[in-house]
Amino acid sequence: MFLSFLLLLSRGVSGQQQQQYLNDEVYQQSHQQQQSGDIGDVDPVVIVPGIFGSQLDAKWNKTESPHYWCYKQNPTFTTLWLCFECMVPKVIDCWVDNMLLNYTGGTFVNRDGVESQTNDFGGTGGVECIDKNCYYPYFKAMIDGITAIPGYVKGVNLRAAPYDFRYGANSPVGKKLIADLKEMIEDTYEKTGDKKVTLIAHSMGNLYLIEFFKSVPGSWKKKYIKRYVAISGVFGGSVKSIRALVSGEIESIPRVLVDANSVRAFQRTFQSIYWLLPRKEVFSKDDILVYTPDRNYTAHQFSDLLTDANFPLGSDILKTLEGMDRFVDPGVDVYCIHGSDIPTAAQFRWKAGYFPDYQPEQIDGPGDGTVNQPSLELCKQFKRLKAYRVYQGIKEGEHMQILLNPKVIEYVKDILNTTSPHHKSGDEMLHF
(Lines give C-alpha, C1' and ligand atoms only; values in the text may rest on other atoms or scores of the structure.)
Protein backbone atom coordinates (compact mmCIF):
# COMPACT_ATOMS: atom_id res chain seq x y z
CA MET A 1 0.00 0.00 0.00
CA PHE A 2 2.73 2.45 0.98
CA LEU A 3 5.00 3.10 -2.01
CA SER A 4 2.26 1.84 -4.34
CA PHE A 5 2.30 5.21 -6.06
CA LEU A 6 6.06 5.06 -6.54
CA LEU A 7 5.83 1.51 -7.83
CA LEU A 8 3.22 2.53 -10.40
CA LEU A 9 5.49 5.34 -11.48
CA SER A 10 8.26 2.85 -12.07
CA ARG A 11 5.87 0.91 -14.30
CA GLY A 12 5.30 4.02 -16.39
CA VAL A 13 1.61 4.35 -15.65
CA SER A 14 1.37 8.07 -15.12
CA GLY A 15 3.79 10.16 -17.10
CA GLN A 16 3.14 8.83 -20.56
CA GLN A 17 -0.60 8.52 -20.11
CA GLN A 18 -0.85 11.99 -18.61
CA GLN A 19 0.92 13.43 -21.63
CA GLN A 20 -1.47 11.57 -23.92
CA TYR A 21 -4.38 12.94 -21.95
CA LEU A 22 -3.09 16.51 -22.04
CA ASN A 23 -2.99 16.29 -25.83
CA ASP A 24 -6.56 15.04 -25.97
CA GLU A 25 -9.44 17.13 -27.30
CA VAL A 26 -11.26 16.65 -23.99
CA TYR A 27 -8.51 18.51 -22.15
CA GLN A 28 -8.77 21.43 -24.60
CA GLN A 29 -12.53 21.60 -24.04
CA SER A 30 -11.96 21.55 -20.29
CA HIS A 31 -9.39 24.34 -20.49
CA GLN A 32 -11.68 26.55 -22.58
CA GLN A 33 -14.57 25.96 -20.18
CA GLN A 34 -12.47 26.98 -17.17
CA GLN A 35 -11.35 30.14 -18.95
CA SER A 36 -14.97 31.27 -19.27
CA GLY A 37 -15.66 30.69 -15.55
CA ASP A 38 -19.45 30.44 -16.05
CA ILE A 39 -21.30 27.75 -14.11
CA GLY A 40 -24.24 26.08 -15.80
CA ASP A 41 -27.30 24.00 -15.02
CA VAL A 42 -25.39 20.91 -13.89
CA ASP A 43 -25.27 18.86 -10.70
CA PRO A 44 -22.44 20.07 -8.44
CA VAL A 45 -19.76 17.51 -7.56
CA VAL A 46 -17.61 16.95 -4.47
CA ILE A 47 -14.73 14.44 -4.66
CA VAL A 48 -13.37 12.48 -1.67
CA PRO A 49 -9.99 10.86 -2.46
CA GLY A 50 -8.47 7.64 -1.11
CA ILE A 51 -5.48 6.85 1.07
CA PHE A 52 -2.31 8.65 -0.10
CA GLY A 53 -4.55 10.61 -2.51
CA SER A 54 -4.25 14.08 -0.94
CA GLN A 55 -1.30 16.44 -1.05
CA LEU A 56 0.06 17.20 2.43
CA ASP A 57 2.24 20.12 3.53
CA ALA A 58 4.10 20.50 6.81
CA LYS A 59 6.30 22.81 8.83
CA TRP A 60 8.20 21.83 11.95
CA ASN A 61 10.11 22.98 14.97
CA LYS A 62 11.54 19.86 16.63
CA THR A 63 13.98 19.39 19.46
CA GLU A 64 15.48 16.24 17.96
CA SER A 65 15.87 14.48 14.63
CA PRO A 66 16.93 11.01 13.49
CA HIS A 67 20.27 12.24 12.03
CA TYR A 68 22.42 15.33 12.35
CA TRP A 69 21.78 16.20 8.69
CA CYS A 70 18.00 16.38 9.19
CA TYR A 71 16.64 19.89 9.71
CA LYS A 72 15.03 20.34 13.09
CA GLN A 73 13.32 23.56 12.06
CA ASN A 74 11.41 24.48 8.94
CA PRO A 75 9.25 27.57 9.62
CA THR A 76 7.26 27.57 6.36
CA PHE A 77 4.93 24.94 4.98
CA THR A 78 6.65 22.66 2.49
CA THR A 79 5.63 19.51 0.65
CA LEU A 80 5.27 16.45 2.87
CA TRP A 81 3.35 14.19 0.48
CA LEU A 82 4.24 13.44 -2.23
CA CYS A 83 7.89 14.56 -2.01
CA PHE A 84 9.98 12.83 -4.69
CA GLU A 85 13.23 14.49 -3.66
CA CYS A 86 12.74 13.02 -0.18
CA MET A 87 12.81 9.44 -1.50
CA VAL A 88 16.59 9.12 -1.57
CA PRO A 89 18.98 7.49 0.92
CA LYS A 90 19.56 9.43 4.14
CA VAL A 91 17.00 12.10 3.24
CA ILE A 92 14.19 9.55 3.45
CA ASP A 93 14.87 9.05 7.16
CA CYS A 94 14.30 12.78 7.75
CA TRP A 95 11.08 12.65 5.77
CA VAL A 96 9.80 9.53 7.53
CA ASP A 97 10.34 11.20 10.90
CA ASN A 98 8.01 14.00 9.84
CA MET A 99 5.39 11.63 8.40
CA LEU A 100 5.20 9.39 11.48
CA LEU A 101 2.34 9.79 13.92
CA ASN A 102 2.54 9.42 17.68
CA TYR A 103 0.01 7.21 19.44
CA THR A 104 -0.62 8.50 22.94
CA GLY A 105 -3.57 8.38 25.27
CA GLY A 106 -5.65 6.31 22.86
CA THR A 107 -5.37 8.74 19.98
CA PHE A 108 -3.04 9.69 17.12
CA VAL A 109 -1.25 13.02 16.76
CA ASN A 110 1.54 14.46 14.63
CA ARG A 111 5.12 14.08 15.77
CA ASP A 112 6.10 16.62 18.41
CA GLY A 113 6.77 19.96 16.73
CA VAL A 114 5.26 18.99 13.36
CA GLU A 115 2.24 20.85 11.95
CA SER A 116 0.55 19.52 8.81
CA GLN A 117 -2.20 20.67 6.46
CA THR A 118 -3.88 19.65 3.22
CA ASN A 119 -3.73 21.67 0.03
CA ASP A 120 -6.67 23.44 -1.66
CA PHE A 121 -9.64 22.16 0.37
CA GLY A 122 -12.74 23.09 -1.61
CA GLY A 123 -10.81 23.36 -4.85
CA THR A 124 -9.45 20.45 -6.86
CA GLY A 125 -5.70 21.17 -6.82
CA GLY A 126 -5.05 18.96 -3.80
CA VAL A 127 -6.35 15.78 -5.48
CA GLU A 128 -5.73 16.27 -9.20
CA CYS A 129 -2.13 15.12 -8.75
CA ILE A 130 -0.34 13.46 -5.85
CA ASP A 131 2.63 15.81 -6.27
CA LYS A 132 2.59 19.53 -6.98
CA ASN A 133 4.51 19.18 -10.26
CA CYS A 134 1.88 16.71 -11.46
CA TYR A 135 4.35 13.98 -12.34
CA TYR A 136 1.79 11.65 -10.83
CA PRO A 137 -1.82 12.49 -11.79
CA TYR A 138 -4.55 11.11 -9.58
CA PHE A 139 -8.05 12.55 -10.18
CA LYS A 140 -6.82 14.93 -12.89
CA ALA A 141 -8.06 12.99 -15.92
CA MET A 142 -11.54 12.61 -14.41
CA ILE A 143 -11.67 16.25 -13.30
CA ASP A 144 -10.63 17.40 -16.78
CA GLY A 145 -13.30 15.13 -18.24
CA ILE A 146 -16.00 16.56 -15.98
CA THR A 147 -15.00 20.16 -16.67
CA ALA A 148 -15.38 19.42 -20.38
CA ILE A 149 -19.12 19.32 -19.67
CA PRO A 150 -20.36 22.89 -20.20
CA GLY A 151 -21.18 24.51 -16.87
CA TYR A 152 -18.59 22.97 -14.55
CA VAL A 153 -16.04 25.25 -12.90
CA LYS A 154 -13.39 24.07 -10.47
CA GLY A 155 -13.77 25.38 -6.95
CA VAL A 156 -17.37 26.42 -7.59
CA ASN A 157 -19.51 23.44 -8.58
CA LEU A 158 -16.65 20.95 -8.92
CA ARG A 159 -14.87 20.66 -5.59
CA ALA A 160 -12.80 18.22 -3.54
CA ALA A 161 -12.20 17.36 0.10
CA PRO A 162 -8.53 16.41 0.51
CA TYR A 163 -7.70 15.12 3.98
CA ASP A 164 -4.84 13.80 6.09
CA PHE A 165 -5.07 10.15 5.08
CA ARG A 166 -2.96 8.96 8.01
CA TYR A 167 -5.93 9.27 10.36
CA GLY A 168 -9.21 7.39 10.67
CA ALA A 169 -12.62 9.00 10.61
CA ASN A 170 -13.14 8.83 14.38
CA SER A 171 -9.93 10.71 15.19
CA PRO A 172 -10.06 14.46 15.91
CA VAL A 173 -8.63 15.04 12.43
CA GLY A 174 -11.19 12.72 10.85
CA LYS A 175 -14.09 14.25 12.74
CA LYS A 176 -13.04 17.71 11.56
CA LEU A 177 -13.01 16.46 7.96
CA ILE A 178 -16.54 15.11 8.31
CA ALA A 179 -17.73 18.43 9.76
CA ASP A 180 -15.91 20.41 7.05
CA LEU A 181 -17.30 18.13 4.33
CA LYS A 182 -20.85 18.72 5.57
CA GLU A 183 -20.26 22.46 5.54
CA MET A 184 -18.76 22.32 2.03
CA ILE A 185 -21.75 20.36 0.68
CA GLU A 186 -24.20 22.83 2.19
CA ASP A 187 -22.19 25.77 0.85
CA THR A 188 -22.01 24.23 -2.63
CA TYR A 189 -25.75 23.53 -2.60
CA GLU A 190 -26.58 27.12 -1.69
CA LYS A 191 -24.16 28.76 -4.09
CA THR A 192 -25.37 26.72 -7.06
CA GLY A 193 -29.03 27.56 -6.70
CA ASP A 194 -30.06 24.78 -4.30
CA LYS A 195 -28.79 21.98 -6.53
CA LYS A 196 -28.20 18.64 -4.86
CA VAL A 197 -24.60 17.44 -4.76
CA THR A 198 -23.07 14.34 -6.35
CA LEU A 199 -20.36 12.74 -4.21
CA ILE A 200 -17.55 10.82 -5.92
CA ALA A 201 -15.18 8.76 -3.76
CA HIS A 202 -12.23 6.50 -4.49
CA SER A 203 -10.74 3.70 -2.36
CA MET A 204 -10.61 4.66 1.34
CA GLY A 205 -12.59 7.80 0.53
CA ASN A 206 -15.60 5.48 0.41
CA LEU A 207 -15.01 4.44 4.04
CA TYR A 208 -14.94 8.11 4.99
CA LEU A 209 -18.22 8.65 3.18
CA ILE A 210 -19.84 5.72 4.96
CA GLU A 211 -18.85 7.35 8.26
CA PHE A 212 -20.09 10.69 6.94
CA PHE A 213 -23.47 9.25 6.01
CA LYS A 214 -23.75 7.79 9.53
CA SER A 215 -23.33 11.30 10.94
CA VAL A 216 -26.18 13.03 9.09
CA PRO A 217 -29.94 12.35 9.27
CA GLY A 218 -32.01 11.08 6.37
CA SER A 219 -33.72 14.44 5.99
CA TRP A 220 -30.34 16.11 5.42
CA LYS A 221 -29.34 13.52 2.80
CA LYS A 222 -32.66 13.99 1.02
CA LYS A 223 -32.13 17.73 0.82
CA TYR A 224 -28.46 17.91 -0.14
CA ILE A 225 -27.35 14.65 -1.82
CA LYS A 226 -28.22 13.78 -5.42
CA ARG A 227 -26.18 10.59 -5.71
CA TYR A 228 -23.02 8.84 -4.57
CA VAL A 229 -20.54 7.39 -7.08
CA ALA A 230 -18.36 4.75 -5.36
CA ILE A 231 -15.15 3.89 -7.23
CA SER A 232 -12.92 1.00 -6.09
CA GLY A 233 -14.44 1.04 -2.64
CA VAL A 234 -12.48 -0.82 0.02
CA PHE A 235 -15.73 -1.51 1.87
CA GLY A 236 -14.62 -4.81 3.40
CA GLY A 237 -10.94 -4.02 3.86
CA SER A 238 -7.86 -5.20 1.99
CA VAL A 239 -5.66 -8.21 2.77
CA LYS A 240 -2.64 -6.13 1.68
CA SER A 241 -2.86 -4.08 4.87
CA ILE A 242 -1.94 -7.18 6.91
CA ARG A 243 1.54 -7.33 5.38
CA ALA A 244 2.00 -3.61 5.98
CA LEU A 245 1.51 -4.03 9.71
CA VAL A 246 3.37 -7.34 10.13
CA SER A 247 6.43 -7.01 7.87
CA GLY A 248 6.08 -3.71 5.98
CA GLU A 249 4.36 -3.16 2.63
CA ILE A 250 7.03 -2.64 -0.02
CA GLU A 251 5.27 -4.41 -2.92
CA SER A 252 7.88 -5.75 -5.37
CA ILE A 253 10.55 -3.14 -4.56
CA PRO A 254 13.84 -4.95 -3.77
CA ARG A 255 14.78 -5.00 -0.10
CA VAL A 256 18.24 -3.65 -0.98
CA LEU A 257 16.55 -0.43 -2.07
CA VAL A 258 14.00 -0.10 0.75
CA ASP A 259 14.32 -1.39 4.29
CA ALA A 260 11.04 -3.15 4.94
CA ASN A 261 11.40 -2.93 8.71
CA SER A 262 11.83 0.85 8.54
CA VAL A 263 8.77 1.06 6.31
CA ARG A 264 6.87 -1.14 8.77
CA ALA A 265 7.68 1.18 11.67
CA PHE A 266 6.35 4.04 9.57
CA GLN A 267 3.15 2.24 8.54
CA ARG A 268 2.33 1.04 12.03
CA THR A 269 1.79 4.66 13.10
CA PHE A 270 -1.02 5.24 10.57
CA GLN A 271 -4.47 4.62 12.06
CA SER A 272 -5.86 4.39 8.53
CA ILE A 273 -3.93 1.20 7.72
CA TYR A 274 -5.56 -0.58 10.67
CA TRP A 275 -8.89 0.71 9.37
CA LEU A 276 -8.17 -1.04 6.05
CA LEU A 277 -7.71 -4.49 7.61
CA PRO A 278 -10.10 -7.15 6.25
CA ARG A 279 -13.54 -6.92 7.86
CA LYS A 280 -15.26 -9.73 9.74
CA GLU A 281 -18.47 -9.40 7.71
CA VAL A 282 -16.54 -10.29 4.54
CA PHE A 283 -13.91 -12.73 5.82
CA SER A 284 -15.29 -15.47 8.06
CA LYS A 285 -13.66 -17.38 10.90
CA ASP A 286 -12.88 -20.14 8.41
CA ASP A 287 -11.03 -17.86 5.98
CA ILE A 288 -7.36 -18.18 6.85
CA LEU A 289 -5.51 -15.05 5.72
CA VAL A 290 -2.15 -15.60 7.42
CA TYR A 291 -0.10 -18.78 7.68
CA THR A 292 2.94 -19.06 9.94
CA PRO A 293 4.85 -22.15 11.13
CA ASP A 294 3.37 -21.78 14.62
CA ARG A 295 -0.15 -20.58 13.98
CA ASN A 296 -2.66 -19.41 11.38
CA TYR A 297 -4.86 -16.31 11.61
CA THR A 298 -8.20 -15.07 10.30
CA ALA A 299 -9.78 -11.61 10.17
CA HIS A 300 -11.15 -12.35 13.64
CA GLN A 301 -7.67 -12.71 15.18
CA PHE A 302 -5.75 -9.56 14.28
CA SER A 303 -5.11 -8.67 17.90
CA ASP A 304 -3.34 -12.01 18.39
CA LEU A 305 -1.51 -11.61 15.09
CA LEU A 306 -0.01 -8.24 16.01
CA THR A 307 0.93 -9.43 19.48
CA ASP A 308 2.65 -12.50 18.04
CA ALA A 309 4.41 -10.19 15.55
CA ASN A 310 6.12 -8.54 18.54
CA PHE A 311 3.85 -5.52 18.33
CA PRO A 312 1.43 -5.71 21.28
CA LEU A 313 0.69 -1.99 20.96
CA GLY A 314 -1.13 -2.88 17.74
CA SER A 315 -3.73 -4.73 19.76
CA ASP A 316 -4.44 -1.51 21.66
CA ILE A 317 -4.55 0.51 18.45
CA LEU A 318 -7.19 -1.83 17.03
CA LYS A 319 -9.51 -0.66 19.80
CA THR A 320 -9.45 2.85 18.30
CA LEU A 321 -11.45 1.48 15.35
CA GLU A 322 -14.51 0.86 17.50
CA GLY A 323 -17.59 2.08 15.69
CA MET A 324 -15.81 2.38 12.33
CA ASP A 325 -15.99 -1.34 11.52
CA ARG A 326 -19.73 -1.41 10.86
CA PHE A 327 -20.80 -1.58 7.22
CA VAL A 328 -24.02 0.41 6.92
CA ASP A 329 -26.22 1.52 4.07
CA PRO A 330 -25.52 5.11 2.97
CA GLY A 331 -29.20 5.88 2.46
CA VAL A 332 -28.70 7.60 -0.93
CA ASP A 333 -28.69 6.57 -4.60
CA VAL A 334 -25.44 4.73 -5.36
CA TYR A 335 -23.50 4.03 -8.56
CA CYS A 336 -20.82 1.43 -7.90
CA ILE A 337 -17.73 1.08 -10.12
CA HIS A 338 -14.70 -1.16 -9.63
CA GLY A 339 -12.19 -3.43 -11.36
CA SER A 340 -11.80 -7.20 -11.33
CA ASP A 341 -9.83 -10.18 -12.69
CA ILE A 342 -6.52 -8.81 -11.42
CA PRO A 343 -4.27 -10.88 -9.12
CA THR A 344 -4.71 -9.46 -5.63
CA ALA A 345 -3.12 -10.52 -2.34
CA ALA A 346 -5.54 -12.95 -0.68
CA GLN A 347 -3.25 -14.78 1.77
CA PHE A 348 0.27 -14.51 3.16
CA ARG A 349 2.54 -17.39 4.15
CA TRP A 350 5.61 -16.83 6.31
CA LYS A 351 8.25 -19.54 6.19
CA ALA A 352 10.12 -20.70 9.28
CA GLY A 353 12.34 -17.90 10.54
CA TYR A 354 10.63 -15.27 8.36
CA PHE A 355 7.80 -14.16 10.66
CA PRO A 356 7.50 -11.25 11.31
CA ASP A 357 10.64 -9.47 10.07
CA TYR A 358 10.87 -10.77 6.51
CA GLN A 359 8.53 -10.65 3.57
CA PRO A 360 6.01 -13.50 3.18
CA GLU A 361 4.95 -15.49 0.15
CA GLN A 362 1.85 -13.96 -1.40
CA ILE A 363 -1.07 -16.08 -2.60
CA ASP A 364 -3.32 -14.19 -4.97
CA GLY A 365 -7.04 -14.19 -5.47
CA PRO A 366 -9.48 -12.04 -7.47
CA GLY A 367 -9.70 -8.29 -7.00
CA ASP A 368 -8.49 -5.00 -8.49
CA GLY A 369 -4.84 -5.46 -7.56
CA THR A 370 -5.29 -3.79 -4.17
CA VAL A 371 -8.79 -4.56 -2.89
CA ASN A 372 -10.19 -8.09 -2.78
CA GLN A 373 -13.25 -8.94 -4.84
CA PRO A 374 -15.60 -9.67 -1.90
CA SER A 375 -14.70 -6.30 -0.40
CA LEU A 376 -15.35 -4.44 -3.65
CA GLU A 377 -18.67 -6.24 -4.16
CA LEU A 378 -20.14 -5.20 -0.81
CA CYS A 379 -21.64 -2.19 -2.56
CA LYS A 380 -24.13 -4.59 -4.18
CA GLN A 381 -25.83 -4.72 -0.79
CA PHE A 382 -26.73 -1.02 -0.86
CA LYS A 383 -30.51 -0.65 -0.86
CA ARG A 384 -30.54 2.18 -3.40
CA LEU A 385 -27.97 0.80 -5.82
CA LYS A 386 -28.84 2.33 -9.19
CA ALA A 387 -26.02 0.87 -11.27
CA TYR A 388 -23.10 -1.53 -10.86
CA ARG A 389 -20.22 -1.61 -13.36
CA VAL A 390 -17.12 -3.77 -13.36
CA TYR A 391 -14.07 -3.11 -15.55
CA GLN A 392 -11.89 -6.15 -16.05
CA GLY A 393 -8.13 -6.36 -16.35
CA ILE A 394 -5.17 -4.19 -15.35
CA LYS A 395 -5.52 -1.60 -18.12
CA GLU A 396 -9.14 -0.82 -17.33
CA GLY A 397 -9.86 -1.79 -13.76
CA GLU A 398 -6.67 -1.70 -11.67
CA HIS A 399 -7.20 0.15 -8.39
CA MET A 400 -5.44 3.35 -9.50
CA GLN A 401 -5.59 2.90 -13.27
CA ILE A 402 -9.38 2.96 -13.19
CA LEU A 403 -9.32 6.73 -12.62
CA LEU A 404 -7.43 7.15 -15.90
CA ASN A 405 -9.69 4.82 -17.88
CA PRO A 406 -11.50 6.87 -20.57
CA LYS A 407 -14.48 4.48 -20.39
CA VAL A 408 -14.87 5.12 -16.67
CA ILE A 409 -14.52 8.88 -17.13
CA GLU A 410 -17.17 8.87 -19.84
CA TYR A 411 -19.47 6.78 -17.69
CA VAL A 412 -19.11 9.21 -14.76
CA LYS A 413 -19.82 12.10 -17.13
CA ASP A 414 -22.85 10.20 -18.38
CA ILE A 415 -24.13 9.82 -14.81
CA LEU A 416 -23.74 13.57 -14.26
CA ASN A 417 -25.13 14.59 -17.62
CA THR A 418 -28.58 13.08 -17.18
CA THR A 419 -29.87 14.82 -20.31
CA SER A 420 -27.40 12.84 -22.44
CA PRO A 421 -29.04 10.44 -24.92
CA HIS A 422 -26.54 7.83 -23.71
CA HIS A 423 -27.68 8.07 -20.09
CA LYS A 424 -29.39 4.97 -18.73
CA SER A 425 -31.58 5.04 -15.67
CA GLY A 426 -32.52 2.13 -13.48
CA ASP A 427 -30.43 -0.86 -12.42
CA GLU A 428 -27.37 -1.78 -14.49
CA MET A 429 -25.20 -4.83 -13.82
CA LEU A 430 -22.54 -4.60 -16.48
CA HIS A 431 -19.08 -6.09 -16.93
CA PHE A 432 -16.51 -4.77 -19.40
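It should be emphasised that the depicted structure is a prediction, and the values quoted were computed from it without experimental measurement. (Residues numbered from 1 in each chain as written. Predicted model: local features only at pLDDT ≥ 70, side-chain atom pairs only at ≥ 80, totals over all residues. Heavy atoms only, no water.)

**Concerning the overall build of the chain**
If you tally the helices and strands in the chain, you get 17 helices and 16 strands. Counting only residues that meet the buried cut, the chain has 58% of its 432 residues in that class. The long-range share in the chain, meaning contacts at least 24 apart out of those at least 6 apart in sequence, stands at 75%. (Helix = DSSP H or I, 4+ residues; strand = E, 2+ residues; numbered from the N terminus. Buried < 20%, exposed > 50% of the residue type's maximum accessible area, 1.4 Å probe, protein only. Contact = heavy atoms within 4.5 Å.)

**Concerning the pattern of salt bridges**
Oppositely charged side chains can form a pair if their charged atoms are brought close together. For the structure shown, the criterion picks out 23 salt bridges. Salt-bridge contacts for Lys-154 lead to Glu-128; the nearest nitrogen and oxygen are separated by 3.2 Å. Here Glu-128 lies in helix α5 (residues 125-128) and Lys-154 lies in the loop between α6 (140-147) and β7 (158-160), a separation of 26 residues in the sequence. Two residues, Asp-187 and Lys-191, come together in a salt bridge whose shortest N-O distance is 3.3 Å. Of this pair, Asp-187 and Lys-191 both sit in helix α7 (residues 172-191), 4 residues apart, roughly one helical turn. Residue class for Lys-191 comes out exposed when judged on its relative accessible area of 60%. Among the charged side chains, a salt-bridge network with shared partners connects Glu-128, Lys-140, Asp-144 and Lys-154. (Salt bridge = Lys/Arg side-chain N within 4 Å of Asp/Glu carboxyl O.)

**Describing the sheet that holds strand β13 (residues 344-349)**
Strand order in the open sheet formed by 4 strands is β11-β10-β13-β14, with mixed pairing between adjacent strands. In this open sheet, the two edge strands, each paired with only one partner strand, are β11 (296-297) and β14 (361-365). Taken together, the 2 bridges between strand β10 (residues 290-291) and β13 define a ladder with parallel strand orientation. Bridge pairing links Tyr-291 to Arg-349 in β13. (Pairing = 2+ DSSP bridges.)

**Quick word on the sheet that holds strand β6 (residues 114-118)**
The strand order β3-β2-β6 describes an open sheet built from 3 strands, whose pairing is antiparallel. Looking at the sheet topology across the chains shown, the edges are occupied by β3 (73-81) and β6. The average angle at which neighbouring strand axes cross in this sheet is 20°, direction not considered. Relative to β6, strand β2 (residues 56-61) runs antiparallel, the two sharing 5 bridges. Looking across to β6, one finds that Trp-60 is bridged to Val-114. (Axes fitted to C-alpha atoms, helices over the stretch in contact; angles between N-to-C directions.)

**Focus: the state of the cysteines**
Applying the stated criterion across every chain, the model contains 4 disulfides. Covalently, Cys-70 is tied to Cys-94 through a disulfide, its sulfur atoms 1.9 Å apart. Across the disulfide from Cys-70 to Cys-94, rotation about the S-S bond amounts to roughly -75°, and the bridge is consequently left-handed. Note that Cys-70 is positioned in the loop between β2 and β3 and Cys-94 in helix α4 (residues 91-99), a separation of 24 residues in sequence. Across the pair, exposure class does not vary: Cys-70 and Cys-94 are buried alike. Between the sulfur atoms of Cys-129 and its disulfide mate Cys-134 the distance is 1.8 Å. Within the chain, bonded cysteines paired by disulfides and numbered along the sequence follow the pattern 1-4, 2-3, 5-6, 7-8. (Disulfide = S-S within 2.5 Å.)

**Quick word on the pairing of strand β1 (residues 45-48)**
By the alternation rule, side chains of β1 split into Val-45 and Ile-47 and Val-46 and Val-48, which are all buried. Alignment of β1 against strand β8 (residues 197-202), held across 4 bridges, turns out to be parallel. By the bridge assignment, Ile-47 is partnered in β8 with Ile-200. Relative to β7, β1 is paired through 3 bridges, and the arrangement is parallel. The partner of Val-45 across the bridge, within β7, is Leu-158.

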